[in-house]
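# Working through the structure, step by step
Letter by letter, the chains look like this.
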Amino acid sequence: MIRDAIFSSCDAHEMLYIHLVQRNFAGFLFILSLDKKMRAKVAWTIALLEAGGNSLREPYSKHLDDGILELRVKVGSDISKVLYFFIVGKRVILTHGFVKKTDDTPLLK
């Protein structure tokens, strides 16, 4: 289940996929809002991130700026992206996501 994939941690890389202050976490809510196929592909891509850690590259992950990366997920012509970053202990924090509708990823402020 997607929730299990998101909340699980990997002993090999000590990754924590979602850090929740409360259940209103934007990244978690975004993933839950996706259709079933996209959620499954996001879970699969998170598993790649779990296995590859910071060595995961395109087409699954892309460095944007200042330590911010995007997890890139495509199902058919639909593209979803989830922004994330690494913290101490090889932990990963998924911050929020969006559905790509233009050719460019918005610049971070």
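Being a predicted model, the structure only gives us computed values, none of them experimental.

### Notes on the overall build of the protein
- A count of helical and extended segments in the protein gives three helices and six strands.
- The helix and strand sequence of the protein, counted from the amino end, reads α-β-β-α-α-β-β-β-β.
- Every one of the 109 residues in the protein was classed for burial, and the buried ones make up 32%.
- Taking as baseline every contact in the protein between residues at least 6 positions apart, the subset at least 24 positions apart corresponds to 46%.
- Carbon and sulfur atoms make up 54% of the accessible area of the protein, which amounts to about 6900 Å² in all.

### A look at the packing of aromatic side chains
- A full pass over the atoms with the stated rule returns two aromatic pairs.
- With centroids separated by 5.6 Å and ring planes inclined at 70 degrees, the aromatic side chains of Trp44 and Tyr60 adopt a geometry described as edge-to-face. Of this pair, Trp44 sits in helix α3 (residues 36–52) while Tyr60 sits in the loop between α3 and β3 (61–65), and the two are 16 residues apart along the sequence.

### Observations concerning the pairing of strand β5 (residues 78–87)
- Judged from the seven bridges that link them, strand β4 (residues 68–75) and β5 form a sheet pairing that is antiparallel. Among the inter-strand pairings, Val73 is bridged to a residue of β5, identified as Ser80.
- Where β5 and strand β6 (residues 91–99) come together, eight bridges link them in antiparallel fashion. For Phe86, the partnering residue across the bridge sits in β6 and is Val92.

### What to know about the environment of Asp35
- Position of Asp35 among the secondary structure elements: in the loop between α2 (26–33) and α3.
- Looking at Asp35, the relative accessible area reads 46%, which means it is partly exposed.
- For Asp35, the side chain forms a polar contact with the main-chain nitrogen of Lys37, separated by 3.1 Å.
- Within the structure, the side chain of Asp35 is placed 2.9 Å from the backbone nitrogen of Met38, a separation counted as a polar contact.

### Focus: the side chain of Thr45
- Relative to the elements of secondary structure, Thr45 occurs in helix α3.
- For Thr45, a relative accessible area of 1% puts it in the buried group.
- What Thr45 contacts, discounting residues up to four positions off in sequence, is Tyr60, Leu71, Arg72 and Val73.

### Brief notes about α2
- Among the residues making up α2, those that are buried are Gly27, Phe28, Phe30 and Ile31. Along the long axis of α2, the arc covered by the buried residues comes to 160 degrees, so they all point the same way.

How each quantity is defined
Residues numbered from 1 in each chain as written. Predicted model: local features only at pLDDT ≥ 70, side-chain atom pairs only at ≥ 80, totals over all residues. Heavy atoms only, no water. Helix = DSSP H or I, 4+ residues; strand = E, 2+ residues; numbered from the N terminus. Buried < 20%, exposed > 50% of the residue type's maximum accessible area, 1.4 Å probe, protein only. Contact = heavy atoms within 4.5 Å. Areas by Shrake-Rupley, 256 points an atom, 1.4 Å probe, with all protein chains shown as cover. Phe/Tyr/Trp six-rings, centres within 6.5 Å; stacked < 30°, edge-to-face > 60°. Pairing = 2+ DSSP bridges. Polar contact = N/O pair within 3.5 Å; in protein donor to acceptor, adjacent residues only side chain to side chain. Arc of directions from axis to C-beta.

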